[in-house]
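Coordinates in review
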Amino acid sequence: MKPDIVLIAQYPPQIMAVLEENFTCHKMYEAPDRAAFLAAVAGKARGLASTGVHGAPRDLILALPKLEIISGFGVGYDAVDLPTVKEKGIVLTNTPNVLTDCVADLGMTLMLDAARRVPQAERFLRDGQWLKGNYPAGVKVTGKRAGICGLGRIGTALAKRLAGFDMEIMYYDIEPKTNLPYRLMPSLLDLARNSDFFFVACYGGPTTRKLIDEEVLRAIGAKGILVNIARGSIVDEAALVRVLEDKALGAAGLDVFEDEPNVPAKLLTFDNVVVTPHIASNTHETRAAMGKLMCDNLIAYFSGKPVLTRVEV
């Protein structure tokens, strides 16, 4: 008998094929009545395949009393109710490392797009405006100062890329990285005040909610550029809109938002804001690697073997 698992979302075809081969899959994303669906699988679902965005709220976990493992498709697990996972003794896994490069790559892309105003320049050309005159100048990137909030895997990958632009690299993290040649700043405000480009690369969750508040945003300054590739909850979105309205921030490159897929309409009106729909890890290669790791964790667990990337809660 194949173990019964609940799929919270639809995955790429090659991942779905592996899941269907190894498990009896119950597709919650297809259910017209979520409560009826959960009631029907409550007595048999032992696994949950989730995502970083969907996570596993307490009510979902409690609705699946036989749940033994939550395997996440993504590195973040801030949307998982960790106290309930711990209380129920549920194994939690995620997919670290395999998405680091692509997330860091998009951070660099957003930095360049925001500084050189690439999306706006493309619209300028496509709309025939070049025939009427040249496009306004952008901001030089090479040789500037970069500040990274959160020097974990992704923050470190960003730093390596930024070094190729001959940047002075600073960071703020609750855990100083004594093995890395970057300058630790004593506070977020100090990091913001000294950064031409300010990157948000820390983990999400209650402890970092609205960490980048209005004071920090204003400290980045009217010539500074904010790049967020972490979680939308980390930046105070309402404050970001106010700061942009006041022209107190130079530009922003954003891949994540507080209430995805809903993005404040006002935020989309600023010509100095570059936005993407949470695509940092969304490449064929990385999504395939994430899916394989998610499946491998499930297969290992139900084979009686240690999971590959367990999250300690």
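The structure contained in this document is the topic of the report that follows. (Residues numbered from 1 in each chain as written. Predicted model: local features only at pLDDT ≥ 70, side-chain atom pairs only at ≥ 80, totals over all residues. Heavy atoms only, no water.)

A word on the environment of A157
Here A157 lies in helix α7 (residues 153-163). As a C-alpha pair, A157 and C102 span 55 residues in sequence and 9.7 Å in three-dimensional space. Excluding residues within four positions of it along the chain, A157 makes contact with T100 and A104. (Helix = DSSP H or I, 4+ residues; strand = E, 2+ residues; numbered from the N terminus. Contact = heavy atoms within 4.5 Å.)

Some thoughts on the pattern of salt bridges
For the structure shown, the criterion picks out 21 salt bridges. Across the pair D101 and R161 runs a salt bridge, and its minimum N-O distance is 3.1 Å. Within this pair, whereas D101 is found in helix α5 (residues 100-116), its partner R161 is found in helix α7, the two being separated by 60 residues in sequence. Looking at D101, the relative accessible area reads 47%, which means it is partly exposed. The exposure class of R161 is partly exposed, given its relative accessible area of 22%. Two residues, E168 and R183, come together in a salt bridge whose shortest N-O distance is 3.4 Å. Highlighted residues: E168 in strand β7 (residues 168-172) and R183 in strand β8 (residues 183-184), separated in sequence by 15 residues. Each of E214, R218, R242 and D246 takes part in a single network of salt bridges with overlapping partners. (Salt bridge = Lys/Arg side-chain N within 4 Å of Asp/Glu carboxyl O. Buried < 20%, exposed > 50% of the residue type's maximum accessible area, 1.4 Å probe, protein only.)

Topic: the sheet that holds strand β10 (residues 225-228)
A sheet is described by the order of its strands in space; here seven strands give the open sequence β8-β7-β6-β9-β10-β11-β12, paired in parallel fashion. Of all the strands in the sheet, the pair left with one neighbour each is β8 and β12 (273-275). With four bridges joining them, β10 and strand β11 (residues 251-254) adopt parallel strand pairing. In the sheet register, L226 faces β11, and the bridge partner there is A252. (Pairing = 2+ DSSP bridges.)

Quick notes on the packing of aromatic side chains
Summed over the entire model, instances satisfying the criterion amount to four aromatic pairs. Considering the side-chain rings of Y11 and F73, the 5.3 Å spacing of their centres and the 65 degrees angle between planes classify their relative orientation as edge-to-face. Highlighted residues: Y11 in the loop between β1 (4-7) and α1 (13-22) and F73 in strand β4 (residues 69-73), separated in sequence by 62 residues. For Y11, a relative accessible area of 4% puts it in the buried group. For the ring pair F23 and F302, a centre distance of 5.8 Å and an interplane angle of 65 degrees mean the geometry is edge-to-face. Here F23 is found in the loop between α1 and β2 (24-27), whereas its partner F302 is found in helix α11 (residues 284-302), with 279 residues between them in sequence. Of the two residues, F23 and F302, both sit in the buried class. An aromatic cluster of three or more residues is present, and its members are F23, Y301 and F302. (Phe/Tyr/Trp six-rings, centres within 6.5 Å; stacked < 30°, edge-to-face > 60°.)

Focus on unusual backbone geometry
In terms of backbone geometry, most residues other than glycine have negative phi values and most peptide bonds are trans. Here the amide bond leading from E260 into P261 is cis, since omega sits at 5 degrees, within 30 degrees of zero. Its identity is not glycine, yet R117 carries a phi of approximately 55 degrees, on the positive side. Relative to the assigned elements, R117 resides in the loop between α5 and α6 (118-126). One non-glycine residue with positive phi stands out, namely K247, at about 55 degrees. On the secondary structure map, K247 appears in the loop between α10 (237-245) and β11.

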